[in-house]
Amino acid sequence: MGWSFLHSFKPLSSQVSKSASYSSLISQQGLALTLLAVMISLASAFISYTQKTQDLDWLLYDNAMRFSQLQAENDIVMIEIDDKSLSQIGRWPWARNVHAQLLEKLTTAEAKIVVFDVLFPELDTKNTLSDLQFSKAIKHHRKVILPIYIETLGQQGQVVENPPHGLFYREVAGLGHVHLQTETDGVVRGVFLKEGVGTAFWPHLSLATLQNLGDTSESLGIDTLPGRRADDFSSQGHSVGIARDYYNLIPMPAADQGLRHYSYADIVKGVVDTKLLRNKIIFIGATAAGLGDVLATPIGSMNGVELNAWIFQALRTSQHTREPGIPSNIHAACLSDYAPRNRGITRKGELQRALRNHLSSQCGALSGGSDDIGIKPRSGNCAKGTRDIQ
């Protein structure tokens, strides 16, 4: 009887022992994973602090942009100088009276503001009357924004500001620079909201547009601008003589978002009902092959004028983003999704899913909707500036 009892008790004892050993193993495995997560996080933080992970940083950021939620507004309209327009109106550059015709139609349509992403640095010496017509049309509309271009001349590297010719400059509502920050991999991800020669005087074209809308509740002050300040870039070796300030990453539109586009020729020739342009914010720029600038962005190629329109949309909805620069946070959060669960990684793709989920949340965290970095659209017709231009 005793032998029978011991015989029956032994398996039960063995099961308890095995269960305890298994639990101990699982506990040790969970502890090991947690320690691994901490070690990787610390290593990532160190590497990030020494700025050795820029490529990885951009890779993670570009993937996060695929989850961007920047929404389009139906009051933004693109008027494209496209292949169709070149075919119907003629070779570029066009006489300025063509732009005058377009502006008169937009004035009649009561377009809210007109933004040219086209340079007008000189007069047409062969057609001065055409220039006068364009200047008059700018004055008539009263809400025209023109770009200013900063370039380096000659071997000496002299940096100069190229504003529109004075005939046009004195009639515009505002001027804005059109520089976009291209990283070492050739991708445009950021914009300086202020830039100029010597001092960061000129607002970006999108900011100049926002400042001159005149339908917001308060004036946009310098202290409200989001972005990294100039002091943070002292070691990054920007072009000598060019001052830049308020750096922001550009949020990308959601995959299903798009702006309304019209061909320049269709507007001028009356194909498009001008009622569709009433109270619209108009961006005009070149998209024709070989004429417009095509930029690489985290979500693919985009024309410069369209990207400027999206920057404007991000500004007025307070959705500019902070600089990522913190891969350690991403690594740690991805690992923390599974490390503390006291078990191993049992499903292939669990890390990928954790990364995807975290990138999605990071995209939300990157959105500049918080009060500390967002722009609250404000009113007031900001002047085009008092900087001396000959």
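Predicted, not measured: the structure shown is a model, and the values here were computed from it.

Re the overall build of the chain
Thinking step 1. The secondary structure content of the chain amounts to 11 helices and 13 strands.
Thinking step 2. Expressed as a percentage of the 390 residues in the chain, the buried residues total 47%.
Thinking step 3. Residue pairs in contact within the chain that sit at least 24 positions apart in sequence constitute 80% of those at least 6 positions apart.
Thinking step 4. Of the roughly 20200 Å² that the chain leaves accessible, carbon and sulfur atoms contribute 52%.

Some details on the nonpolar core
Thinking step 1. Counting 40 residues, the largest nonpolar core has Leu 180, Ile 250, Phe 283 and Leu 307 as its most contacted members.
Thinking step 2. Listed by contribution, the elements that provide at least two residues to this core are helix H2 (54-65), strand S1 (76-81), strand S2 (113-116), strand S7 (188-197), helix H7 (205-211), strand S9 (242-249), strand S11 (281-286) and helix H9 (304-316).
Thinking step 3. Apart from residues no more than four positions distant in its own chain, Leu 307 is found in contact with Leu 180, Val 188, Ile 250, Met 252, Leu 295, Thr 297 and Met 302.
Thinking step 4. The next biggest cluster of nonpolar side chains, apart from the first, holds 36 residues, and it includes Val 114, Phe 116, Val 144 and Val 272.

Quick word on the side chain of Lys 280
Thinking step 1. With respect to the element layout, Lys 280 can be found in the loop between helix H8 (264-268) and S11.
Thinking step 2. As a buried residue without a salt bridge, Lys 280 has its nearest oppositely charged side chain in Asp 75, at a separation of 6.8 Å.
Thinking step 3. Residue contacts for Lys 280: discarding those within four places in its chain leaves Asn 74, Asp 75, Val 77, Ala 111, Lys 112, Ile 113 and Arg 260.

Let's talk about helix H5 (residues 128-141)
Thinking step 1. Between its first and last C-alpha, H5 extends 20 Å over 14 residues, near the 20 Å set by a 1.5 Å rise per residue.
Thinking step 2. Where H5 is buried, its residues contact helix H4 (96-108), S2, strand S3 (144-153) and helix H6 (166-169).
Thinking step 3. Phi for Arg 142, located one or two positions after H5, is positive at around 80°.

As for the packing of aromatic side chains
Thinking step 1. Enumeration according to the criterion identifies 10 aromatic pairs in this entry.
Thinking step 2. An angle of 85° between the planes, with centres 5.8 Å apart, marks the rings of Phe 116 and Phe 134 as edge-to-face. One end of the pair, Phe 116, is in strand S2; the other, Phe 134, is in helix H5, with 18 residues separating them in the sequence.
Thinking step 3. Using a relative accessible area of 0% as the deciding quantity, one classes Phe 134 as buried.
Thinking step 4. Plain terms: the ring middles of Phe 192 and Tyr 247 are 5.0 Å apart, the flat faces sit at 50° to each other, and that makes the pair tilted.

Concerning the packing of H4 against H5
Thinking step 1. Their axes nearest at 7 Å, the elements H4 and H5 cross at an angle of 20°. On the basis of their axis angle, the class for H4 and H5 is roughly parallel. Pair H4 / H5 crosses with left-handed handedness. Along its contact with H4, which presents Arg 96, Asn 97, His 99, Ala 100, Leu 103, Glu 104, Leu 106 and Thr 107, the element H5 presents Ser 130, Asp 131, Gln 133, Phe 134, Ala 137, Ile 138, His 140 and His 141.

Some details on unusual backbone geometry
Thinking step 1. Geometrically, the link from Trp 92 to Pro 93 is a cis peptide bond, its omega value of 5° lying close to zero.
Thinking step 2. Note that Pro 93 resides in the loop between helix H3 (83-89) and H4.
Thinking step 3. Phi angles above zero are rare outside glycine, and Tyr 246 is one such case at about 60°.
Thinking step 4. Among the secondary structure elements, Tyr 246 is positioned in strand S9.
Thinking step 5. Of note, Ser 318 is a non-glycine position whose phi angle comes to about 55°, a positive value.
Thinking step 6. Tracing the backbone through its elements, the reader meets Ser 318 in the loop between H9 and helix H10 (327-336).
Thinking step 7. Residue class for Ser 318 comes out buried when judged on its relative accessible area of 14%.

Side note on the pairing of S7
Thinking step 1. In terms of residue burial, S7 counts as a mostly covered element, since 9 of its 10 residues are buried.
Thinking step 2. Two elements, strand S6 (residues 181-182) and S7, share 2 bridges in a ladder whose sense is antiparallel. Looking at the pairing, Gln 181 lines up with Gly 190 of S7.
Thinking step 3. Here S6 folds back onto S7, and the loop between the two strands holds 5 residues, one of which, Gly 186, carries a positive phi near 85°.
Thinking step 4. Pairing of S7 with S9, which is carried by 7 bridges, proceeds in the antiparallel orientation.

Observations concerning the pairing of strand S13 (residues 300-303)
Thinking step 1. In terms of strand pairing, strand S12 (residues 294-297) meets S13 through 4 bridges, oriented antiparallel. By the bridge assignment for S13, Val 294 is matched with Asn 303.

A look at the pattern of salt bridges
Thinking step 1. Inspection of the entire model under this criterion finds 8 salt bridges.
Thinking step 2. Put simply, Arg 316 and Asp 75 hold a salt bridge, and the shortest N to O gap is 2.6 Å. Taken together, the residues Arg 316 in helix H9 and Asp 75 in the loop between H2 and S1 connect sequence positions 241 residues apart.
Thinking step 3. Among the residues examined, Asp 75 registers a relative accessible area of 15% and is labelled buried.
Thinking step 4. Of the charged contacts, one joins Asp 245 and Arg 229 as a salt bridge, the two residues approaching to 2.7 Å between their closest N and O atoms. In this pair, Asp 245 sits in strand S9 while Arg 229 sits in the loop between H7 and S9, placing the two residues 16 residues apart along the sequence.
Thinking step 5. For Asp 245, a relative accessible area of 9% translates into the label buried.

About the cut-offs
Residues numbered from 1 in each chain as written. Predicted model: local features only at pLDDT ≥ 70, side-chain atom pairs only at ≥ 80, totals over all residues. Heavy atoms only, no water. Helix = DSSP H or I, 4+ residues; strand = E, 2+ residues; numbered from the N terminus. Buried < 20%, exposed > 50% of the residue type's maximum accessible area, 1.4 Å probe, protein only. Contact = heavy atoms within 4.5 Å. Areas by Shrake-Rupley, 256 points an atom, 1.4 Å probe, with all protein chains shown as cover. Core = buried A, V, L, I, M, F, W, Y, C linked by side-chain atoms within 4.5 Å. Lys, Arg positive; Asp, Glu negative; His and termini not counted. Salt bridge = Lys/Arg side-chain N within 4 Å of Asp/Glu carboxyl O. Expected span 1.5 Å × (residues − 1). Phe/Tyr/Trp six-rings, centres within 6.5 Å; stacked < 30°, edge-to-face > 60°. Axes fitted to C-alpha atoms, helices over the stretch in contact; angles between N-to-C directions. Parallel < 35°, antiparallel > 145°, perpendicular 65-115°, else oblique. Left-handed = near helix turned anticlockwise from the far one by under 90°. Pairing = 2+ DSSP bridges.

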